[in-house]
Every structure is written in structure tokens, then in C-alpha cells.
Amino acid sequence: REKEHTDFSATHTDLSESIDAIERAISVLTTREGDTPQSLLQVHDMAGLPKEAKSTIEIFLAMSDEGALGAPSANAYEFQSGGVVGMLEGLRHKFQDQLSAVQKAEMNAKANYEMLAQNLKDNIQEDKKRSQDKTATKAQRLEDAAAGKAELALTEAGKAADETKLADTLAACHAKSVE
């Protein structure tokens, strides 16, 4: 469980940092148009960025370098950065969805772990109770068996005494009848 939580923490941190970097890049793109290439380079170097997004950023950066020779019109520049902003917004939503999915999976894993732990604790308590009940039953049966053996020994001794007395009485009766 600790390994799963460590993995979750690392993924959560990575996705949160990616979302934060994208939000900063979007903010920079919408407020300072002159620094767009530098902001895009930061996003381009970000870990976990899909290949399609990297290629789109590379194309935009290449277009920005070509535009440095001749200043683009404001409308053309807005259109280009708008496409990048749209792509970054899409990436931000994708990362937010992944973050939500990771958080949900972590909550489910934690709930399942806690439920399993509680179930195991309940099973242990029930097994201890059963063991105590069986031990008490066994002790009672051993006590009953010991009492039964003692009673059997007394009964057998009484029977032997009675058989001896019967044999003596029969022998005395037989001796008197023969006289």
C-alpha cells in the first residue's frame, strides 16, 4: 500500500507541475506576446508532453523565427498564438482529467485497503472467539470424560465385588445343598 501511495504522490506531483506550467505558459502567451517563444520552449521541454503537442510547438517556434525577418501583422500573430493557446488549453484539460483519474484511483485503492484491513481484523476477532469457544468445549469434554472414567472404574469395581459375592453365595448354597 505504501508503494502505491508513493507512486500516486509522484504522479500527482508531476501532473500538478505540468498543469501549473501550462497555466503559466497560457498566461504568458495571452499577456506578453513578445516572449512567446521563450514560454513555449519551457512547455516544449516539459516531461509527459505528447509528441503531437511538441511537434505543434516546434512548428510555431519555427514560424516565429521566420516572422522575425519581417514583422507579422497583429492579426496573423494573434491567430498563431491562439492556436497554441488552444492546444495548451487542451493539454491542460487532458492533464486535469488525468489528475482527477489518478486521485479517484488513489481514493478507491485507499478505501479498498481500509475495507480489507477491517475485514481481516474482523476475521481475526471471530477466529479468536471460535478458538476460545472450542477450547472451552474441549476442556468441558475432557472433564466429562475424566468423570466418566472414574465412574466406570467405580462401577467395574462394584461389579467385580458383586460377582465375587455372588460366586461365594452360589458356592455356599451349593455346599449346603450337597450336605
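Residues numbered from 1 in each chain as written. Predicted model: local features only at pLDDT ≥ 70, side-chain atom pairs only at ≥ 80, totals over all residues. Heavy atoms only, no water.

Q: Could you clarify how one ought to interpret the overall build of the protein chain in this entry?
A: Check the secondary structure of the protein chain and you find four helices and zero strands. For the protein chain, the N- to C-terminal ordering of α and β elements is α-α-α-α. For the protein chain, buried positions account for 19% of its 179 residues. For the protein chain, the proportion of contacts with a sequence separation of at least 24, taken over those separated by at least 6, is 76%. When the accessible surface of the protein chain is summed, it comes to about 13100 Å², and 57% of that surface belongs to carbon and sulfur atoms. (Helix = DSSP H or I, 4+ residues; strand = E, 2+ residues; numbered from the N terminus. Buried < 20%, exposed > 50% of the residue type's maximum accessible area, 1.4 Å probe, protein only. Contact = heavy atoms within 4.5 Å. Areas by Shrake-Rupley, 256 points an atom, 1.4 Å probe, with all protein chains shown as cover.)

Q: Would you mind showing me how to read the confidence of the model for the protein chain here?
A: As a general rule, the predicted coordinates of low-pLDDT regions are not to be interpreted in detail. Per-residue confidence for the protein chain gives a mean pLDDT of 80; residues scoring 70 or more make up 75%. Looking over the protein chain, one finds the lowest element-wise mean pLDDT in helix α2 (residues 36-44), namely 60, and the highest in helix α4 (residues 74-178), namely 88. Below a pLDDT of 50 lies the segment residues 67-79, which in the model reaches five contacts outside its immediate sequence neighbourhood of four places, other chains included. (pLDDT = per-residue confidence, 0-100.)

Q: What is the right way to look at the nonpolar core in this model?
A: Within soluble globular proteins, side chains that are nonpolar tend to cluster in buried spots. Ranked by internal contacts, the top residues of the largest apolar core, which has 13 residues, are Ile22, Ile26, Met87, Leu88 and Phe95. Listing elements by their share of this core, those giving two or more residues are α1 (2-31) and α4. Ranked by the residues each element gives to this core, the list is headed by α4, at seven residues. (Core = buried A, V, L, I, M, F, W, Y, C linked by side-chain atoms within 4.5 Å.)

Q: What's the story with the pattern of salt bridges in this structure? I'm lost.
A: Two side chains that carry opposite charge are able to pair once their charged atoms sit near each other. Using the criterion set out here, one finds seven salt bridges in the structure. Glu89 is paired through a salt bridge with Arg92; the nearest N and O atoms lie 2.4 Å apart. Here Glu89 pairs with Arg92, and both are found in helix α4, just three residues apart, close to one helical turn. Ionic pairing is found between Glu163 and Lys159, a salt bridge with its closest N-O pair at 3.8 Å. (Salt bridge = Lys/Arg side-chain N within 4 Å of Asp/Glu carboxyl O.)

Q: Help me understand the side chain of Glu106, please; the structure alone is not making it clear to me.
A: Position of Glu106 among the secondary structure elements: in helix α4. Among the residues examined, Glu106 registers a relative accessible area of 10% and is labelled buried. Setting aside residues no more than four positions away along its own chain, Glu106 makes contact with Arg1, Glu4, His5 and Phe8.

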